[in-house]
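Residue-level structural notes
The residues making up each chain are set out below.
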Amino acid sequence: MEIRSINAMRGPNYWSVRRHKLIVMVLDLQEMEERPSDKVDGFYERLTTMFPSMYSHRCSVGEPGGFFQRVEEGTWMGHIIEHIALEIQTLAGMDTGFGRTRGYGEYGVYNVVFSYMEESVGRYAAKAAVRICEALISGDEYDLEDDIQRMRELREDDRLGPSTGSIVAEAEARGIPWIRLNKYSLCQLGYGANQKRIQATVTSETSSIGVELACDKEDTKYLLEQAEVEVPRGDIIRRERSLEDACRYVGYPLVIKPIDGNHGRGITVNIQNYDEALEAFRHAKNSSRSGSIIVEKYIVGEDYRLLVINNELVAGALRSPAHVIGDGKSTIQELVDEVNSDPRRGYGHEKVLTQITINELTQTIIKDAGYTVDSVLAEGEKLVLKDTANLSTGGTAEDITDIIHPANISMAERISKIIDLDICGIDIMTTDISKPLSETGGAVLEVNAGPGFRMHLAPTTGLPRNVAAPVIDKLFPIKGDTGRIPIIAITGTNGKTTTSRLIAHIAKMKGYRVGYTTSDGVYIQNRLLMTGDCTGPSSAEFVLKDPTVNFAVLECARGGLLRAGLGFKKCDVGVVTNVAADHLGLKGINTIEQLAKVKGVIPETVLPDGYTVLNADDDLVYDMRRSVDCNVALFSMDENNPRIKALQRLNGITAVYENGYVTICRGEWKMRLMKAEHIPLTYGGKAKFMIQNVLAAILAAHVQGISNEDIKAGLETFVPSASQTPGRLNLFKFDKFNILLDYAHNKAGMQALKKFTDELDATVRVGIIAGIGDRREEDNNAMGMIAAEMFDEIIIRQDKHLRGKSEEQLIKMLDDGIKMKDPKKKTTIIPSEQEAIKHAVRNAVDGSLIILCSDVVPDALDLVKDLKAMETKGELHLL
């Protein structure tokens, strides 16, 4: 068994538009193709023994035990690996249930697809499932426990914490998109200029001064004391000689602790006399970096946490640190094991409660109490094992929201304003939270910025509280606000880059601050910030993260969709220009129908009140309307197309090329925008494929609410050039010849380019072409055949983007295609693109047209610009 690749889908994808988190593993099982499960001796018995819980897998049978039935009857190992990957994740506490195994298009090679909760766990599960299956086939022993524990650890390392996760979940429930900005808990809610940010429970609206105050115990206590809030009387000292006066001022019992202490180090509580205070002072001094020591009144009572969001109390909890209670027989270790056996306790945050671990701090606490882990506690004796009551260290919480006294509620809300925190946790020590602190002698111990939500979301006892909801209410106070910006997504085989650029230009003319992605880079407000093929999900996220952008235009290509899915979950407008044979035979996509399904992901992600813009002249594109849950708008080069007429009769929106005009129709009413010949992009109406791109762009802009006047202004000012449309019909006029540079790189693109160049005046047409390494042999042959019809002379070059094939192989494929069409065609082979261009220029005759089909546009553009500069200086003859 060989794993060829493992990819993680993070957004809508070819396999599922709705299930975004999928692992896609390409698995070579040729050696097992003749040995399905029923042909491997003892396989069924070993599988059912290792995974009895797999009985719940229904599989295609549709009932419990269905998968085991398939295994017994005989099924392929790829299918079994899919189920193992799902089951081991479930055993590790991550219950996922979606899986598919499909042929890759090669004998014995499969796409094994299954869902995951955390990507690192999904990738680990893929590899582990293969190892397990190999062990089951060979009959070797295999210990699952190491894999299960490792997956738990990976989950805890990578998952969002309970607080951040709850806010993100609440945002998702309201249709607010989100992006994780780092590997910790910094997340973006909403897109572009409308985004808000959270880091755990600190938001982009949290006061930095408030956070600084909350982190300074001395300043917090001073402000609260000045505001007549009950706080423990205390003093801060640095020298031993100040201790006696401080004890006298505060009064016994005392707490003495370092001002900069943590994890309970250096803290002594319930100090009753000066001798104990002196010992505690020295202990605290040893644990203090600054040397500052707090001498504070020891408050008797229980530990309460009050949560205030947007200056309103939303929840309260009684917290108890991890502890055990003796039975007179069991050791402390045995008591801890008994507590951990509670099914509600799990590893990290996987369950309501966390298992108690005996770490260095716990051992110190046990030692300070005069015990070891092997000591037996007396019956009824309580031993606290942690210095805090956090649930993450094994503590428990009881919801007490409904019994908090109104005076304490008012006090908590007032404190949030005094410290100036939009989200704060207030720690209170009191004997009875249902009575005012003034009556119980209780006090406010601490004010926390970024308080944890877990104790309120999933208390050990009491009512869970949705404390994430008020956070979202504060960040997005307008009802229905999802923090989105308009997103127009474009896909197709040809024309998508030009269409994307034109839509972005029109939106810019409207006044939007546009971010857009293309196959040559990412642009933010027309500034190129990333270069290269930027049509995948990472580039889309780059735009959607940018806080200056309020309109996104995203080109989405096949490669990114198959590698990781989309970089967004929903768009407002989805455009499909066309579907033609290209990139077939790659990544399991072997037919044009499969390619259409890949492209069809875009219209399927359009919001219900949005529009998918489809090419009515393309059967495969037109059929995409059947699987969408949104409005449909159509464009066509033929106003009499029956599909256009049918939608117009339903009062739908269309765009057509009619009587020389590009026209938008609402129902059967026409709104003519411009004559196509007056649109610079169409080269006087000669470039028919550009007219088709224009129709797609104006229709997308129209349904997005951009006025016809702004659309027209965009069309008039969008001039085909190396700056606005690099590599797309860039015509350079020299004194005696012209050079046309275009990105045509497949059969359909070359045919469209031929129709255009056939209408251009030229004494001789010289073509410079190259094969494409990730295309089939027949695709490169076809390019050669079209070139033989298109050009009088052909130069074959091949120095870049070999993509798995050799230079010689690609040159031969093109040459074979040329000879199939015209064995006598004048053909020259010059592998270097630069040398090929220079050769064509040196040998150009008057009135000739050199047509350069380049797949590395920037390099070719730079050279042609240099040649033009040489001509201007009168140096071209020196070439």
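Right above here is the structure, for reference.
As the structure is a computational prediction, the values presented were derived from the model and not from experiment. (Residues numbered from 1 in each chain as written. Predicted model: local features only at pLDDT ≥ 70, side-chain atom pairs only at ≥ 80, totals over all residues. Heavy atoms only, no water.)

1. Thoughts on the overall build of the protein chain
- Along the backbone of the protein chain there are 30 helices and 38 strands.
- With 879 residues in all, the protein chain has 54% of them scored as buried.
- Within the protein chain, contacts between residues at least 6 apart in sequence are counted, and of these 67% link residues at least 24 apart.
- A total of about 37600 Å² of accessible surface is found on the protein chain, and carbon and sulfur atoms cover 47% of it.
- Where the 104 positive side-chain charges of the protein chain centre and where its 124 negative ones centre are 6 Å apart. (Helix = DSSP H or I, 4+ residues; strand = E, 2+ residues; numbered from the N terminus. Buried < 20%, exposed > 50% of the residue type's maximum accessible area, 1.4 Å probe, protein only. Contact = heavy atoms within 4.5 Å. Areas by Shrake-Rupley, 256 points an atom, 1.4 Å probe, with all protein chains shown as cover. Lys, Arg positive; Asp, Glu negative; His and termini not counted. Charge placed at Lys NZ, Arg CZ, Asp CG, Glu CD.)

2. Structural notes on the pattern of salt bridges
- As enumerated under the stated definition, the model contains 42 salt bridges in all.
- A salt bridge links R465 to D399; the shortest N-O distance between them is 2.9 Å. Of the two residues, R465 sits in the loop between α15 (454-457) and α16 (468-475) while D399 sits in strand β19 (residues 396-399), which places them 66 residues apart along the sequence. Per residue, the accessibility class of R465 equals that of D399, and both read buried.
- As a salt-bridge pair, E833 and R797 come within 3.2 Å of each other at their nearest N and O atoms. Of this pair, E833 sits in helix α29 (residues 833-842) while R797 sits in the loop between β36 (793-796) and α28 (807-821), placing them 36 residues apart in sequence. Like R797, E833 is buried.
- Overlapping salt bridges, with partners in common, bring together D303, R305, R319 and D427 in one network. (Salt bridge = Lys/Arg side-chain N within 4 Å of Asp/Glu carboxyl O.)

3. Quick word on the packing of aromatic side chains
- In the structure shown here, the tally under the stated rule is seven aromatic pairs.
- Between the aromatic rings of Y44 and F68, the centroid separation amounts to 6.3 Å while the plane-to-plane angle is 80°, which identifies the pairing as edge-to-face. Note that Y44 is positioned in helix α1 (residues 43-50) and F68 in helix α2 (residues 66-73), a separation of 24 residues in sequence.
- Looking at Y44, the relative accessible area reads 24%, which means it is partly exposed.
- Note on F68: relative accessible area 7%, which makes it buried. (Phe/Tyr/Trp six-rings, centres within 6.5 Å; stacked < 30°, edge-to-face > 60°.)

4. Digging into the sheet that holds strand β6 (residues 186-189)
- Read from one edge of the open sheet, four strands run β5-β6-β7-β8, paired in antiparallel fashion. Edge positions in the sheet fall to β5 (178-180) and β8 (202-203), since each of these pairs with one other strand and no more.
- The pairing of strand β7 (residues 196-199) with β8 spans two bridges and is classified as antiparallel. In the strand pairing of β8, I198 is matched with T203. (Pairing = 2+ DSSP bridges.)

5. So, unusual backbone geometry
- The amide bond that connects Y252 to the next residue, P253, takes the cis arrangement and shows omega of 0°.
- Relative to the elements of secondary structure, P253 occurs in the loop between α9 (243-250) and β10 (254-258).
- One non-glycine residue, N310, lies in positive phi territory at about 55°.
- When you line up the elements, N310 lands in the loop between β13 (302-309) and β14 (312-320).
- At N659, a residue that is not glycine, the phi angle is positive and equals roughly 50°.
- Take N659: its relative accessible area is 55%, and that puts it in the exposed class.

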